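Now for the letters of each chain:
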Amino acid sequence: MKENKNQEELKNENINNENQSMEDAASKLLDDKVAELKAKLFMEVPEDAGFTTQQTLIVRDIILKAVNQAVELGKKLVKQFPKSKYNSEAYRILGENSYFQQKWNDAVEFLTLYAKNQKQVQRADMYMLGIANYMITNYPDAIIYLGKVTTEQDTLAQNAYIFIGHANLQQHQADMARMAFQNASLIDADSRLKEEALYNYALATYESKAPFGETIKAYNLSEELDVDDLKLIPL
């Protein structure tokens with residue numbers, strides 16, 4: 001009886017080892033393929049490469065299709081190994097690629113799963129998740145995730161504060177928007193974003209019906225800005 005039990009345990013151990021090996025191989029395949037294709041996707045084709053405009057478009061189309069194939073592979077692996085320890089990283093990769101392809105709903109789905117399954121998330125991924133939520137008009141979640149990005153005094157935080165401000169305006173919360181734009185204006189990482197923030201701070205101050213003196217101060221801070229040059233920051 002004891003010998004049979006040991007044989008059964010040995011059999012289960014071998015099965016677990018085989019499954020783990022399959023997961024390891026699948027994870028490495030996905031990670032390597034996506035990393036390679038992602039690098040190619042965002043690589044500019046040199047003007048002196050001898051390609052015509054049509055040829056350049058064909059090359060980029062081939063690369064994009066290859067990335068899509070890698071994403072589809074990732075989706076299959078996640079389904080095949082639902083309890084894999086690598087799923088968190090797979091969700092991150094799938095979410096980032098969906099974001100860069102502006103597939104906002106997919107980006108929200110996968111990056112949300114990444115955030116739920118990863119104890120320590122990357123700021124850049126929380127920024128992407130916030131922006132993706134903003135793009136599908138889910139402003140409350142956009143504010144939550146972008147708020148996680150504002151822990152540093154850098155360009156990423158400036159961008160996050162500005163989108164938080166716009167998300168609050170979409171919800172008719174001018175006071176909250178004003179504070180977000182003000183926070184962005186206090187960061188010196190990017191002068192263009194600082195000007196953008198000051199301009200929007202002035203508008204939000206007016207809309208929030210702040211005291212007259214504060215409104216005048218806000219407009220004095222932004223009066224030298226060229227309003228025509230100020231646009232919603234690019235992704």
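Residues numbered from 1 in each chain as written. Predicted model: local features only at pLDDT ≥ 70, side-chain atom pairs only at ≥ 80, totals over all residues. Heavy atoms only, no water.

Q: Please clarify how the pattern of salt bridges should be interpreted in this entry.
A: A side chain with one charge can pair with a side chain of the opposite charge if their charged atoms come near. All told, the structure shown has five salt bridges when counted by the stated rule. E89 is the partner of R92 in a salt bridge, and the nearest nitrogen-oxygen pair spans 2.2 Å. Of this pair, R92 and E89 both sit in helix α3 (residues 87-100), three residues apart, which is roughly one turn of that helix. The class of R92 is buried, set by a relative accessible area of 13%. With a relative accessible area of 32%, E89 lands in the partly exposed category. Ionic pairing is found between R178 and D175, a salt bridge with its closest N-O pair at 3.7 Å. Of this pair, R178 and D175 both sit in helix α8 (residues 174-185), three residues apart, which is roughly one turn of the helix. In this structure R178 comes out as buried when scored by relative accessible area, which is 14%. Looking at D175, the relative accessible area reads 40%, which means it is partly exposed. Each of E89, R92 and E96 takes part in a single network of salt bridges with overlapping partners. (Salt bridge = Lys/Arg side-chain N within 4 Å of Asp/Glu carboxyl O. Helix = DSSP H or I, 4+ residues; strand = E, 2+ residues; numbered from the N terminus. Buried < 20%, exposed > 50% of the residue type's maximum accessible area, 1.4 Å probe, protein only.)

Q: Is there a simple way to explain the side chain of S98 in this structure?
A: The topology assignment puts S98 in helix α3. The class of S98 is buried, set by a relative accessible area of 3%.

Q: Help me understand the confidence of the model for the chain in this model?
A: One rule of thumb: low pLDDT means the predicted coordinates there are not for detailed reading. When pLDDT is averaged along the chain, the result is 74; 60% of the residues meet or exceed 70. Summarising per-element confidence for the chain, the mean pLDDT is lowest in helix α10 (residues 212-222) (44) and highest in helix α6 (residues 139-147) (97). This model gives residues 40-51 a pLDDT under 50, and the stretch forms twelve contacts once residues within four places in sequence are excluded. Across residues 215-235 the pLDDT falls below 50, and counting only partners more than four positions away or on other chains, this stretch makes 38 contacts in the model. (pLDDT = per-residue confidence, 0-100. Contact = heavy atoms within 4.5 Å.)

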